[in-house]
Amino acid sequence: MDLVLPLNQTHLGFSSVNNCAHKDTFRVSSLGFNNACFCVLSSDCDMRKSSNPSRKYRRNPNPVLAMDGSNGKLPTLSNTHLSDNGHLNSMYSKTSYEDFQSNNHLRQLVRNGELEEGLAFLENMVSHGDIPDIIPCTSLIRGFCRVGKTKKATRVLEILENSGAIPDVITYNVLISGYCKLGEIDNALNVLDRMSVPPDVVTYNTILRSLCDSGKLRQAMEVLDLQLQKECYPDVITYTILIEATCRESGVGQAMKLVDEMRSKGCKPDVVTYNVLINGICKEGRLDEAIKFLNNMPSYGCQPNVITHNIILRSMCSTGRWMDAEKLLSDMLRKGCSPSVVTFNILINFLCRKGLLGRAINILDKMPEHGCTPNSLSYNPLLHGFCKEKKMDRAIEYLDIMVSRGCYPDIVTYNTLLTALCKDGKVEVAVELLNQLGSKGCAPVLITYNTVIDGLSKMGNTERALELLEEMVAKGLQPDIITYSSLVAGLSREGKVDESIKFFHDLEGLGIRPNAITYNSVMLGLCKARQTVRAIDFLAYMVSKGCKPTEATYTILIEGIAYEGCANEALELLNELCRIGVVKRSSAQNVAVRNAGIFK
């Protein structure tokens, strides 16, 4: 009699009994067995989207079906026999079940983010002859790439290739993408060369994007030639990547030749392609041509979108064409192209830079009418404008309005306010605001601390500034040249010269190279302390370290010499420095005016 196998039909013609509700059957009439049912245990048969548009999905080769090591083939009849109870068995069934268990465990490790454990387990299972499933292996590759461990990702691919499993184009694309994101383009190209399956358009687009972003357009064109030789035809994304790079490197004129070639190949430009061209035209300062291009787009069979309008709007604002910007906004609304938050932010930023804060507020208030909720980038230019005009009360007022409307300030907002408060001499208010940032869910960054430390140092409160230095280090923030320069200058101004020099050497000990401003701060402190000889020695040290003295360096020393009672010598030195062009005549006159009581 025929052997009837209940099937959950797959596109490979294989079966599983995961869902026996299906009545599809596979009839084996030649075996002559009595109603024996051959059941194949199945692992997760995940559906994966293919990068090839011509085939939407593909199934993972079932590792449990790989009973003869062929990654998905049923065993031959010579390798099968009947059990005592009449069921058809395979000599490989135990191995197949172990494959299934191993791949399930590997999948679980990857899902839990246990990448190192996953790699170790993969190596172990392959050493025991198990065939890995390509889906968890691909996820393992992606995980290693995400954390920058591309060598281990490559190791996973090597294990997969050597195990008898067949990586697909998705697996290779994930590794190539990982290399490209880290700028390791040569390694990505090596993977391309060693692929055991044909690359697809996604493979090439990933590499072309990386090359173009690195300014390697010529090499990108060589890769395009290779792509064409392999009969993998470019799509609209391919051409758009190359057109954008050509605009940057050779100008829009050259890029238009690529557009012509694109059309001749039957590949139609889309709105992204045209946006790239319009952006290039705007960057070349040809705004009127960009506007004409925008108006002609419908005749090219492509409607401009909000991004198209934003590109031109930004160019109008940067060139001061406010009336044109207002007209463009009206045209957008008339054509039914709804403005985005970015659209309004471009306008607000422009108006605030021009000091037209009232008009900026009007734009801000109208945003909800057009379905746009203001974000921190909408409020920040306004707050900066108020701070610039020293209207701190209005700035604080709009900070409160911002929060009341459900828009929470970001670190840029707070840094803007802290800078303005420190410049306005309200350092204690700045310190109080800094202390509140943690409770507001906004962690201070290096520039935040630097702003307040500099403000405290300039106000003569270096003691509190040093406390903030300890606080920032405790939070894992590494002080930089700006941090130490502020403290060195503050200590020098307070006459704490030895402490200032100690901080200077701490700076060197951290491998941070002091700049001329830092040296000048120490020399100013020494001169004020009537230690000009030490200041001159410090000048020699400065030169020996390869830091070039500035005009300020020399004027500090001249005033120090005069301050110690050597006015004639100082004046003579000043004239000599003017003669050789080290100090400008106007600067020398300023020094003479400041020290009129000494130079007689």
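So, how was this worked out
Residues numbered from 1 in each chain as written. Predicted model: local features only at pLDDT ≥ 70, side-chain atom pairs only at ≥ 80, totals over all residues. Heavy atoms only, no water. Helix = DSSP H or I, 4+ residues; strand = E, 2+ residues; numbered from the N terminus. Buried < 20%, exposed > 50% of the residue type's maximum accessible area, 1.4 Å probe, protein only. Areas by Shrake-Rupley, 256 points an atom, 1.4 Å probe, with all protein chains shown as cover. Contact = heavy atoms within 4.5 Å. 1 Å grid on protein atoms, 1.4 Å probe; cavity = no way out; pocket = protein on both sides within 12 Å on 5 of 7 lines; lining within 4 Å. Points joined across faces, edges and corners; volume = space filled by probe spheres on them. Nonpolar A, V, L, I, M, F, W, Y, C, P; charged D, E, K, R; others polar. Salt bridge = Lys/Arg side-chain N within 4 Å of Asp/Glu carboxyl O. Expected span 1.5 Å × (residues − 1). Arc of directions from axis to C-beta. Core = buried A, V, L, I, M, F, W, Y, C linked by side-chain atoms within 4.5 Å. Phe/Tyr/Trp six-rings, centres within 6.5 Å; stacked < 30°, edge-to-face > 60°. Axes fitted to C-alpha atoms, helices over the stretch in contact; angles between N-to-C directions. Parallel < 35°, antiparallel > 145°, perpendicular 65-115°, else oblique. Left-handed = near helix turned anticlockwise from the far one by under 90°.

A. Geometry of the overall build of the chain. When its secondary structure is counted, the chain shows 29 helices and six strands. Counting across all 600 residues of the chain, residues that qualify as buried make up 47%. Only carbon and sulfur atoms are counted for the fraction: they give 53% of the accessible area of the chain, which is about 30400 Å².

B. Representation of the environment of L433. Tracing the sequence through the fold places L433 in helix α20 (residues 427–436). Between the alpha carbons of L433 and L418 there is a distance of 7.7 Å; along the sequence they are 15 residues apart. Leaving out residues up to four positions away in the same chain, L433 has contacts with Y414, L417, L418 and L421.

C. Up close: the layout of surface pockets. By volume, the largest pocket amounts to about 600 Å³. Secondary-structure elements contributing two or more residues to the lining of the largest pocket are α19 (411–423), α21 (446–458), α23 (481–493) and α25 (516–528). Counting residues per element, the lining of the largest pocket draws most heavily on α23, which supplies seven residues. In terms of residue class, the lining of the largest pocket is made up of nine nonpolar, 14 polar and five charged.

D. Expanded view of the pattern of salt bridges. Summed over the entire model, instances satisfying the criterion amount to 28 salt bridges. Close ionic contact of R155 with E158 constitutes a salt bridge, the shortest N to O distance being 3.9 Å. Residue R155 and its partner E158 are both found in helix α4 (residues 150–162); the two are separated by three residues, about one turn of the helix. For R155, a relative accessible area of 34% corresponds to the partly exposed category. For E158, a relative accessible area of 30% puts it in the partly exposed group. One salt bridge connects R405 with D365, and the closest N-O pair in it is separated by 3.5 Å. One end of the pair, R405, is in the loop between α18 (392–404) and α19; the other, D365, is in helix α16 (residues 357–366), and 40 residues separate them in sequence. Three or more residues are tied together by salt bridges with common partners; here these are R209, D213, E244 and R248.

E. Structural detail: helix α24 (residues 497–509). Taking 1.5 Å as the rise per residue, α24 with 13 residues should run 18 Å; its terminal C-alpha atoms sit 18 Å apart, in good agreement. Where α24 is concerned, the buried positions are V497, S500, I501, F503, F504 and L507. Each buried residue of α24 sits inside an arc of 160° when the element is viewed along its axis, so together they form one side. Opposite the buried face of α24, at more than 90 degrees from it, the exposed residues are D498, K502 and G509. Elements in contact with the buried residues of α24: α22 (462–474), α23, α25 and α26 (532–544). Directly after α24, the chain includes G511, whose backbone phi takes a positive value near 80°.

F. Structural context of the nonpolar core. Ranked by internal contacts, the top residues of the largest apolar core, which has 153 residues, are I207, I243, L277, I312, L382 and M523. Of the residues forming this core, the biggest block, eight residues, is contributed by helix α5 (residues 169–181). I207 has contacts with I176, C180, I185, A188, L189, L192 and V223, leaving out every residue within four places of it along the chain. Listed in part, the 10 residues of the second largest apolar core include L574, V583, A588 and V591.

G. Representation of the packing of aromatic side chains in the model. Counted by the stated rule, this structure contains 11 aromatic pairs. Here the aromatic rings of Y274 and F293 are separated by 5.8 Å at their centres, their planes lie at 55°, and the arrangement is tilted. Linking Y274 in helix α11 (residues 271–283) with F293 in helix α12 (residues 287–296), this pair joins segments that are 19 residues apart in sequence. Residue Y274 is classed as buried on the basis of its relative accessible area of 2%. Residues Y519 and Y541 carry aromatic rings whose centres are separated by 6.5 Å and whose planes lie at 55° to one another, so their mutual orientation is tilted. With Y519 in helix α25 and Y541 in helix α26, this residue pair connects regions lying 22 residues apart in the sequence. According to the relative accessible area criterion, Y541 is partly exposed, its value standing at 27%.

H. Geometry of the packing of helix α15 (residues 341–353) against α16. With their axes 8 Å apart at the nearest point, α15 and α16 run at an angle of 165° to one another. Taken as axis vectors, α15 and α16 run roughly antiparallel relative to one another. In this structure, the crossing between α15 and α16 has a hand that is left-handed. Residue-level contacts link F344, L347, I348, L351 and C352 of α15 to L357, R359, A360, I363 and L364 of α16. Partitioned by chemical class, the residues of the contact of α15 with α16 number nine nonpolar, no polar and one charged.

I. Fine view of unusual backbone geometry. The backbone of E231 shows a phi angle near 60°, a positive value even though the residue is not glycine. Structurally, the position occupied by E231 is in the loop between α8 (217–229) and α9 (236–250). One non-glycine residue, K390, lies in the positive phi region at around 60°. Position of K390 among the secondary structure elements: in the loop between α17 (376–388) and α18. The class of K390 is exposed, set by a relative accessible area of 62%.

J. Broad picture of the packing of α8 against α9. At a minimum axis separation of 11 Å, α8 and α9 run at an interaxial angle of 155°. Taken as axis vectors, α8 and α9 run roughly antiparallel relative to one another. Between α8 and α9 the crossing geometry is left-handed. Listed contacts from α9 to L217, A220, M221, L224 and Q227 of α8 are T238, L242, A245, T246 and E249. For the contact of α8 with α9, the per-class residue count stands at six nonpolar, three polar and one charged.

K. Layout of α15. The end-to-end C-alpha distance of α15, which contains 13 residues, comes to 18 Å, matching closely the 18 Å that a straight helix rising 1.5 Å per residue would cover. Along α15, the residues that are buried comprise T343, F344, N345, I346, L347, I348, F350, L351 and C352. Buried residues along α15 sit against α13 (306–318), α14 (322–334), α16 and α17. Immediately beyond the C-terminal end of α15, within one or two residues, lies G355, with a positive phi of roughly 80°.

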